[in-house]
Each structure stands twice: as structure tokens, then as C-alpha cells.
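So you can see what is in the structure, the chains are spelled out below.
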Amino acid sequence: MANFLAQFQSIKNSCDRIIVAVEDVSDLWPLVKKSFEERLPLKGAVLNNKTRNPVFLQSLPVEYILTTDARIRSRFPHELSLFWFREPYATVVLVTCEDLDEFKTILKPRLKLIVQNDEREWFIVFVSRAPPHNDQATKMAKKVYARLEVDFNSKKRERCCKLDLLAPEANFWEDMETKVLESIRNTLDRRIQFYEDEIRKLSEQRFMPVWNFCNFFILKESLAFMFEMAHLHEDSLREYDELELCYLETVNMVGKQRDFGGMDRGDDQAALLSPGNKPLTQIVQNDSFRAFEFRQYLFACQAKLLFKLNRPYEVASRGYAFIMSFSKELVLHEKVLPFCAREVWMITACLSLIDATASRYSDVSVAPDTEKEFHRVQGDLYSLCRTKFMRLAYLIGHGPDIERSPANSASLSMLPWPKPAVWPSIPADASSEVLEKEKTILHATPKMKHFGIQRKALPLEPSLLLREANRRRASLSVGNALEMFDGQSFMDGSDSELRRAPAPKVNAVTMSRTNSSLGIFESTIDRPMRLSEIHVAAEHALKKTISDPDLWKSLSSLEEFEKKYLQLSKGAADNYHHSWWKRHGVVLDGEIAAVWYKNGNYDLAAKSYEKVCALYSGEGWQDLLAEVLPNLADCQRILNDQAGYLSSCVRLLSLDKGLFLPKERQAFQSEVILLAHSEMENPVPLDVSSLITFSSNPGPPMEICDGDPGTLCVTVWSGFPDDINLEALSLTLTDTHNADEGVKARKSSGATILKPGKNAITLSLPPQKPGSYVLGVLTGHIGHLIFRSHNFSRGGPAESDDLMSYEKPTRPILKVLEPRPLVDLVPAVSSALLLNEFQWMGIIVKPINYSLKGAILHIDPGPGLVIEETHNIEMERYDNAGENQLKSTRSEDSAGDVHFKQLTLQNSRLELPEWASNITSVLWIPMRAISDELVRATSEGVDNLQRQSLVDGLRTIALKLDFGVSLNQTFERTIAVHFTEPFHVSTRVSDKCNDGTLLLQVILHSQVKATYTIYDAWMDLQDGFAHTGQRDGRPASAFFPLVISPTSKAGILFSICLSNMNPEDEPKQPQEDSILNIKYEISGNRNVGAHSPVALPHSGVENATEHLTFRCAVGLQRPVLDPCLAVGFLPLPSSGLRVGQLVAMKWRVERLKFFEDSALSENKNEVLYEVSANSENWMIAGRKRGYADLSKDEGSRIVVSVLCVPLVAGYVRPPQLGLPDVSKTTISCNPPGPHLVCVLPPPLSSSFCIPA
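Residues numbered from 1 in each chain as written. Predicted model: local features only at pLDDT ≥ 70, side-chain atom pairs only at ≥ 80, totals over all residues. Heavy atoms only, no water.

For the protein chain, an unreviewed UniProt entry supplies the name Trafficking protein particle complex subunit 11 domain-containing protein and the organism Daucus carota subsp. sativus. The UniProt entry for the protein chain carries the following text under Subcellular location (unreviewed entry): "Golgi apparatus". (UniProt positions renumbered as here; feature names shortened; annotations may be inferred.)

Next comes the structure, spelled out in C-alpha cells:
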């Protein structure tokens, strides 16, 4: 079967689509060919894959070929099973017949002979050429076609369809395409099953000696190619994956030695994307294939299918994995391969994958995660190619021009040298090249970094190239060790002792040894090669290996090398920037910046270096930052970027001290000081947060009061290597609750010298707002330079002078005590004082751990409150005042107590005595609350509703206390003082006598915490009432003086009667209310509440006892004896009231007689009504207020109806009807309304009831 390999490959190259055979029985193909081919490819095809699952295809390429074509007829029978995939998948039989006898005698037997092969899928297309206007010919064609259907159709399948050339039917092409697809699907299923059976048989023999991989390969790839022709690319890809696994299992079978391959010219160029790079016949070996070419062939087939599936990401991902795994296999055969063939192959493989996948990926829309992964794989390919390219450049002598960065060193120092069987020898005619290379090595001097930084160069090789190359020479003299190290000063190794030797001396020794080494070796032993000879030998060997002219051009000169190096580095960086691995991209930006920096493109180099430094600084990689930061500083210096240069110098000083020598750090500091004292064009604040840090001293935070100044001690840590002079220094503190607000503490002295390490600094602190503060920003001046630091150092041990940290402290350094006041002013008495009388009002002055020395109190009485300025204000110790119950007339001389003093109010302000600065004291101020309103008595049943409100008796006094060192503290408070009348009066009629006499009981409720003594009481009655008998208004029971205890009550009984009123005797202004007059005396203590009024100095007699007078208005109402209107409440519905149900409240209004002088005279035919109800119990659904028509005739009546909704259940007061424009003395309530009505709860909802 392996003999058919060449024929199999030629078939694959010539056959790329499914073939449908056309059996032209009646020579009709020239007539219908164009119509058939116009409808290709087939749309919307559905085929079965290997697992018999339907797969929808948007288009299926098909080719129609006559059965007489040479491509079908020139096949031998024994080839049919092997190359069955190229056989037709369906046969279309084209026939026509115009006579029924001809069909029976000629056409039918011939068709039976054609379709007798059971393995072939076929169907018949009957072509009718009958004109539409010829009915006889049309009928005959229909009869023939009907007979054709009867003979060749079956119950399971229809195999005939009709095409009218002159009048085609609309559904013919759809019917024909359905039959074609059905035939293709059946043929494909049958052939898949055949190949699977054959492959299974061969797979069972793969570990037997008779195993032949070529036979297995032809069958397996035939199945894969058949899937590919049918556009079942997923199944085809799966077959190639299985083929690769089977090859890897059997290629290295024990006892079979095979040639690896890769020795032909051009094999150094990877063929990962070109399956036809080499014919299969050239790579076949016995019963298998050479691994070098065959594995690339398999991957190329897989990549082709993946590209057809529009999955370039998977091509790149698989390609990278294949390159890494195949490179390990190349290592095993490196000794037989050309020099550096592995490195060259990997470079060309990466480049071909990058170009192919990138060009096809631009038209693909994928998910963001997949896009990032694709760019990550692209970056890995670029990075791998870049590393191998640098290895080749190093071998041919470009090593001194490669940047010895940490990234390059990490990549190349872990990459082993090529391991050929024998290291290439130098050609005989290459002496001039060796001399030129020697001169290049001798004149190569390491570039000194800015600031005079000297660093040991990082290695770019795993071991010394000179030693490795000479070790692999065929005839190496192991005894001549000195010769092996010739040219050591120009090597890139890592031997520290060799590097420390002075350059001139080493060069001289090298030259002398080079000149004298030609004659000390015997002819049988080869002389060890010098480094220049190794580079020249490697260059000539690579020139023979590399067949790609572009790759060799990029290695031929330093300019081309840098160009290709930048291209690969930029490609890797750009892709990493678009992937998850953005840090890799930043690191590669640093490698690109190194090339720009070396070539003098400082602007681009500085931009890239800034990104690299930001990454290294953010990750805390200080060792790496120390490598690139000096280059950034040099670029900024050259570009005259003074701000950036200063920042870079500060960052260099902020790195670990072990990374630089002391003289190098001093150089950094000198640059900072030099620029700070020079005239900068654009001075900007310099951030030295990483260099100068600060912290608070150990211990609790400093506490000061609101508005007080102070001094703040902080510890400043300096990272400068030497002392530095600061012209100014200040520190900002930040409020922990409001970051936008802060205070600034300034240093009082002028200049400050910071020493390296720990420094103690004292700052003056101006008054601040209340709050808790943490360290904010440290600012200052170095020459003309403004610097700032916002980093914090945690407090370290006392013996540590170089402890620096960058953690923000959570412990506050300063607390301003505003939440706990420094002083408190509260009233001494909480109970009520008397209205309209001078009372002592006490104010407690309480200092809270703060001195009130020299404090001044401002007193501003509010409206309705006056201070008796002619009387002195008394101040005493609060405890003594509470214990001894001091009298208000106490004098400073008689008391003999140093904690008592009388003060005089001047311009509403007074100064507190010195003894009251640290103790709690009470200040007694004589005040009077003024109220001109006459108190009214209430009925006993409704006293709670008509009582005087507490707000009416409130008075306010504004206090302002200025205190502190320079009266910088202020405390303001407004105190509310409650004043009240001595009594609350309520009345009730205790009895109605038969003779019209009324016994009126007046109840006096005490409203203060003091004892009253009532000496007299009388009542001035209003018009219409008179005292019974010959009384003068005194009560009936005279047992004065009457003593009333605090918060108690007493009753006084008056006997009154109605009096006749004559119009002639009526006064011009009748008295509306009766006046109750009470003469009383109060006995109380000012420390408790109300007390005797203050004895004023101008009263003449000190402590004189005067009776006080209390007046109260009592409203008496005469009974309605001559009504004008009658208002009656009509009965409620018998069903009762329920919550939420509407109910009509009705009142009958009847005119009893017409009053000419009444309010009804204005609107004789209308009356104003108003309905009032408690809004918590009722909702009024109708009009609450309006006019109702009421005739002026006596006896006329109306009914006022208002809809209401009860809101609560229980006994509630019903709505009331009132007539605002009619006096109550002319209204009779008949029948009267009920006091309370019963409202039932709402009925239960039946939807929530559960039957028993």
C-alpha cells in the first residue's frame, strides 16, 4: 500500500471537492450543464459527521463530471477501496423519451443496467423537451415520466424528478438539490464506516512487527481528506490529531532506528504552514516517515483546518506548544544537525506563525478574554524569537552591543549553548576577518553610567563561550589551560576575578600571548581558538545553515541586527500590552528604551524608561529599578527636564543603601542641591515622600483645647547620605473625619539641618478647629526648591536611626477636645418661676478641666424678659448654695465666705471672679418675665384642652462666655426658663337651687414648687349675673388665710344668681367675663423654683412683705331662654355604624322666630353651617362648611346632611354641627346630639375564611 504514496499525494492535490457523476444517457448534458453549475455550491447542506450527528453547512462545493471523463474512467479496480474518497458521491442519470414504446424497449433496460450497482447512490432526471403549446407531446412526456416513476421509485425513496427545458417548474431545483444532498450524505456515511473498519484493523496491529505506518497513514489521511472535502473540518482536525498521537507512539519503537531528517538545504526554515513543502515520497523511510519533516507536515495540515474554521488563536496557541516540544526533540539530534539549526528553525517558525495568525486574526470577532489570550501567545512567540535571535547574534560577535539588562540576562544566561558534535573550525581564508574581529574586541570599552556608577556587567551566557567552544573541539589540549582563557578581558563571562583586572594590563597580556601562541603547539594537537576566531567560525557556519536571506541580512551587520531586534521587541511589547501580561510589555519597553538611549533618541527612551520605572517601583523591585533609573535620569538631564531629573535623583536616593556606593549616593545628593540652589526655569514642587518621612513621638496623642495654640514634636527621618540644610519646614495635619480640612504647624526658627537618619523637630501649632488629626504633608524649602513629603515612618526603637516605613498611621497625633466642652452653662432650677414678678434666675457655671480665669460673661435676655440692673447679681459656690439653702439677700460681708460675691452688670457683661475659675459656681440674676395676657379659667371637664400651653410661659436668655488665655475661647448657649401663673383656675357649677341660685365652685391648681397663702378672694361678675344676698363678691365660705401646698389644689365656693337686664341700664361697653381676684403670698426657695419676689433697693424697707394679686377671667354663660333657631340631631340608621362604611349624619335646623337684630338679617334666606369632627376618628366625605337655604318664615326648617366615614371602632364623639354666624344664646339644641356613638369593627372578609 505504501507504493501508492505518490499517487495518493497527486490525488490530494488535484481533488478538492465532492464529485457528482453525470450519466448522460440521452446526450442532454450540453443542454443542462450551465443550469446545473449555476447553482453551485449547494446552500444549506446538512451532513452527518463521524459520530452520526448532523452538521449544518452554509455551502458545500460540488463538481459535476461526466462518467465518460478520463478522471473517472482511468482508475484501476484495486485502487477503488484505497482512494474511495475521490469516487463520485452521487450519480445523476439524465434521460429523455418521447414515446412509451421506446421507453419500454430501449430506455428501461438500459436504465436497469446502469442502476444495478447497489453501492452507488443515483437518481434519474427526466428532461422534457415538449413545447408548452403542443398538448400531445406534453401529455406523452407526462405518461413516460409517470411510467418512469412507477418503475424506479420505491416506497422508501423517490429517485425521479422532471425538468422541463421550455417551461421549468419552480420547485425542480430545490427537489434536485435535496436528492443530491441525500445521495452525498448516504455515500459519505457508508465510506466513513468503511474507513473506520479498515483503520481499526490496522490500529490493532500497531505494536506488532508487521506494522506499517504508511498504510495506516494513507487510510487515516484519506478519511481526514474526505471530511475536509465535505467541509466537516472538525472531524478532519480530529483525525489529524489522532494520526499525530499514533505516530508519536510508534515512531520510536524499540529495535527500529530511523533517520531524523533535517539535513537538506532549506530545512532550517520551518514548514509549519505549508503541507506541500516536501513530497511525502521524499520523507518516507521504510515503513514510516522521517520525524523532522513529517511532524511539521501534520501540524501544517492541522493549521490549515484551523484557519478554515476561523480559529487563528488556536493556531498560535498550538504552534507555540509545538515549537517548544519539537525544540526538545531537536536537542536530541543536535549533534547531527547543522550548526545552530535548532535556533534558526525556531526563529523561522515563530515568524511564520506570527505573520499568518496576525493577518487572519484581524477579521475575526472574538470574546475579550480570547483576544487577550491571543495577544499573550503572540507576545510569547515574539519573545521566544527574540531570545533565539540574540543568541545567534551573540555567537557571531554582536554580544557587546546587546544590552546587559536583567531581562536579557535572565533569558540568555539560562539558555544553553549549541551542542554540535564538533564546534565549527575557522576557514583557512578568514584571517582578515579574524583580525578585524580582534580589533573590534580590543576597542570595545564598557560604557560608564551617569553619576559615575560602576556595576558588574550581567552575564548573557550560561558559561564562558571560549571554554565551551574549545571544549567541543575535536582535538582539545586539556593541559594548556592558560591558552583557553586567552582574551578573557573581552569575554562576557561572570568570573569576578577576571573582571577586576585592569583593562590595559589585560589587553597587553592578551596581545603578547596571542602573538606567541602560534609556535608552542605540536601539529597533532589543535591550538585552542581565541574568542575572535570563535565568532568568525560561528559566522561562517551560520551562513551555511541559514537559507533565509532576510534572516541572514538581519545578522550581517550591527545596524540590521538592531533593526530586527527592535522589531521583535516592539512586537512582543505591543502584544503583551494588549494581553493579561502587561508587565511583560513594560519590561520589554525598557529593552527598546535601551536601544534608543544608546542611539541618542533620548526623548523616546525617557518615555519608555518612565513606564518601566513605574512598574518596578510599584512592585518593589528595587534591584531592577537601580539598573534603569540612572539611564532615565541621564535622559532627563540631556533633555533639560529639570523636574524629572530632580525626581529621578530623589528616587535614586530612596533606594536601598546597599544598591549604591556611598560616593554614588553623595553624587545624587549633590545634584539635588545644585539644582535646588540654581535658577530653575519652571520650578515645581518636588515630592520627596520616599526620601524624607516623619512620624509622631511614642505615647498618647497630644491633646489641646479648641482654639488654643501649642507645640508639636515630630520625628523626621532623612534618607540623604549627608547633612542637608532646609530653609523652611512646615507640617500639615489632616482631620480624620474631613480630609479636605487641615491645619498647618509651622517651625518657628528659620533654617533646619537634617542629619542622616532620625531627627527630632519641634513645630509651633496655631489654634485649630476641633477634631482628631493625623499627620498630613511635610513641606519645606531647599534653596529655591519647594519639596513635599506625604509618607509616614512608623516609630522604631530608640537606638535605630535609619528605620523608615511608608505605612499611613491610624493613631492620631493631635486631638482638639471639642466633643467635651470646656465649660458648661445650665440653669440652676428646672421648675417654673412666677410671671410678672422679679425672680432670681440661677445659672450654673461649670468649668470642665479648664481654667476660667479672666472670663467674661455676656447676658442677653430674650423678648418678654427684663433684668433688674439696679440690683446686684450674686455669685456663690454651687455646692454651698445647694447645701445651705442661702437666702437671696445674703451679702458678701455678712456671709464671711470667700466663695460669694455680688457683681454689677455693665453693658450686659460681667467678669467672673478669680475664685470661680476652677470650681462650679452659680450666678443669681434678678429677672422678670412680662406677660399682659389675662389668664382665663376653664371648665372642669375640659381643663386639659383649654389649659395654658407651656410654650406661652417660656422665655430665653442668650449667654456668651469668653475665656481662655487671650479670651480666644467662646462658649455660647441659649437657656430656656419656664415662667407660669401661680394658679390654674377651673370652674364648675356644683348645684342649681330651685330659686335660680347657682353654687359656682372655683378650683385653684398650684403650678409651682412653693407654698401659697391666700388672704382674700372676690369675683367681679359680668353683666347678667349677681351675687346672692348682700355679699360684695366674697366667697360663701370665708376661712382665710388659706394655705395651698406645692402642686396641690383648693376650692372656693361662690353663690351667684341671674339678674334682670334693662336696656336703659346697660353700659355702653358691657363686661364680657367675670374677674376672679386673689390676694396671696408665696413662700419658696430660689434653689428649688418660684419664690418671693426680689426686694428692690428702692422699695424703702428691706425684706418687706407685700401681698400679691392674681386676676383670672371666668366666662359665665346665661341659659338660652328665648331661642331663635333650633338645631336637632336626627337618629342614626338602625343598622348601626361600621368602620369604613359611609353614613349620613343629619341635623334639622328650624326657625323658631325671626330676629331683626340677629346675624340672620344680613342673609335672611340663608344660614352658614360648619361641621367639625376629630380627624383621627372621622373622615368627612361631604362639604364641611357652606350655606343652606332657610326661609325667614317662622316654623321653616331644613335638614343638613353630610356623608362621613368612621375610621376607628369603639365609642367615639360624633361630628358636631355649628352655626358660626349665629350667637350661641339664640340656639336651642332640640333634640340634643349624643355625646358618644358606638362604631362596630369592619366585617370579616369571606375570602380569608376556611370552612369547618
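Q: Give me the lowdown on the overall build of the protein chain, citing residues and values where you can.
A: For the protein chain, the count of helices and strands is 30 helices and 53 strands. Taken over 1252 residues, the protein chain has a buried fraction of 47%. Surface accessibility of the protein chain: about 62400 Å² in total, with carbon and sulfur atoms responsible for 50%. (Helix = DSSP H or I, 4+ residues; strand = E, 2+ residues; numbered from the N terminus. Buried < 20%, exposed > 50% of the residue type's maximum accessible area, 1.4 Å probe, protein only. Areas by Shrake-Rupley, 256 points an atom, 1.4 Å probe, with all protein chains shown as cover.)

Q: Report on the sheet that holds strand β5 (residues 90-95), specifying residues and quantitative values.
A: As summarised here, the arrangement of the 5 strands in space is β4-β1-β5-β6-β7, forming an open sheet in which the pairing is parallel. Looking at strand neighbours, the two that pair on one side only are β4 (62-66) and β7 (160-164), the edges of this open sheet. Averaged over all pairs of adjacent strands, the angle between their axes in this sheet comes to 25°, without regard to strand direction. Bridge analysis of β5 against strand β6 (residues 122-128) gives 5 bridges, and the strand direction is parallel. Bridging from a neighbouring strand, valine 92 pairs with phenylalanine 123 of β6. Running over the sheet, helix α2 (residues 29-38) touches β1 (18-24), β4, β5 and β7 and is turned about 130° from β5. (Pairing = 2+ DSSP bridges. Axes fitted to C-alpha atoms, helices over the stretch in contact; angles between N-to-C directions. Contact = heavy atoms within 4.5 Å.)

Q: Give a detailed account of the side chain of serine 654, specifying residues and quantitative values.
A: Along the chain, the position of serine 654 falls in helix α26 (residues 642-654). In this structure the side chain of serine 654 is engaged in a polar contact, spanning 2.6 Å, whose partner is the side chain of serine 690. When neighbours within four sequence positions are excluded, serine 654 is seen to be in contact with Ser690 and Leu691. (Polar contact = N/O pair within 3.5 Å; in protein donor to acceptor, adjacent residues only side chain to side chain.)

Q: Please provide a residue-by-residue account of a negative patch on the surface, values included.
A: A cluster of acidic residues, Glu98, Asp99, Asp101 and Glu102, forms a negative patch at the surface. Its location among the elements puts aspartate 99 in the loop between β5 and α4 (100-114). (Patch = residues over 30% accessible without salt bridge, like charges linked within 9 Å, V, L, I, M, F, W, Y side chains within 5 Å. Salt bridge = Lys/Arg side-chain N within 4 Å of Asp/Glu carboxyl O. Lys, Arg positive; Asp, Glu negative; His and termini not counted. Charge placed at Lys NZ, Arg CZ, Asp CG, Glu CD.)

Q: Just give me the short version of the nonpolar core, but keep the residues and values in it.
A: Ranked by size, the top nonpolar core spans 229 residues in total, and within it Phe217 and Trp345 carry the most contacts. Top element by residues in this core is helix α13 (residues 368-398). It accounts for 13 residues. Residue contacts for phenylalanine 217: discarding those within four places in its chain leaves Leu5, Phe8, Ser222, Leu243, Leu280, Phe289, Phe294 and Tyr297. (Core = buried A, V, L, I, M, F, W, Y, C linked by side-chain atoms within 4.5 Å.)

Q: Explain the environment of arginine 376 to me, using residue names and the numbers behind them.
A: Relative to the helices and strands, arginine 376 is located in helix α13. Of the residues examined, arginine 376 reaches a relative accessible area of 18% and is grouped as buried. Reaching out from arginine 376, the side chain makes a polar contact with the side chain of aspartate 380 at a distance of 2.9 Å.

Q: Tell me about α2, residues and numbers included.
A: Among the residues making up α2, those that are buried are Trp29, Val32 and Phe36. Down the axis of α2, the buried side of the element spans an arc of 85°, and every buried residue falls inside it. Of the exposed residues in α2, those oriented more than 90 degrees away from the buried face are Pro30, Lys34 and Glu38. Looking at the buried residues of α2, the elements they touch are β1, β4, β5, β7 and α6 (172-203). (Arc of directions from axis to C-beta.)

Q: Kindly report on the environment of tryptophan 580, identifying the contributing residues and their values.
A: By the element assignment, tryptophan 580 lies in the loop between α22 (558-577) and α23 (582-598). Discounting residues that sit within four places of it in the chain, tryptophan 580 has contacts with Asp369, Lys372 and Glu373. Within the structure, tryptophan 580 has its side chain in polar contact with the side chain of glutamate 373 (distance 3.2 Å).

Q: Residues and numbers for the packing of aromatic side chains, please.
A: Within a pair of aromatic rings, the relevant descriptors are the distance that separates the centres and the angle that separates the planes. One pass over the structure, following the stated rule, counts 41 aromatic pairs. When the centroid spacing of 5.9 Å and the interplanar angle of 40° are considered together, the rings of phenylalanine 292 and phenylalanine 326 count as tilted. Within this pair, whereas phenylalanine 292 is found in helix α10 (residues 291-308), its partner phenylalanine 326 is found in helix α11 (residues 312-332), the two being separated by 34 residues in sequence. A centroid spacing of 5.8 Å and a plane angle of 70° characterise the contact between phenylalanine 1129 and tryptophan 1147, whose relative ring orientation is edge-to-face. In this pair, phenylalanine 1129 sits in strand β43 (residues 1125-1129) while tryptophan 1147 sits in strand β45 (residues 1143-1151), placing the two residues 18 residues apart along the sequence. The pair phenylalanine 1129 / tryptophan 1147 is uniform in exposure class, with both members buried. (Phe/Tyr/Trp six-rings, centres within 6.5 Å; stacked < 30°, edge-to-face > 60°.)

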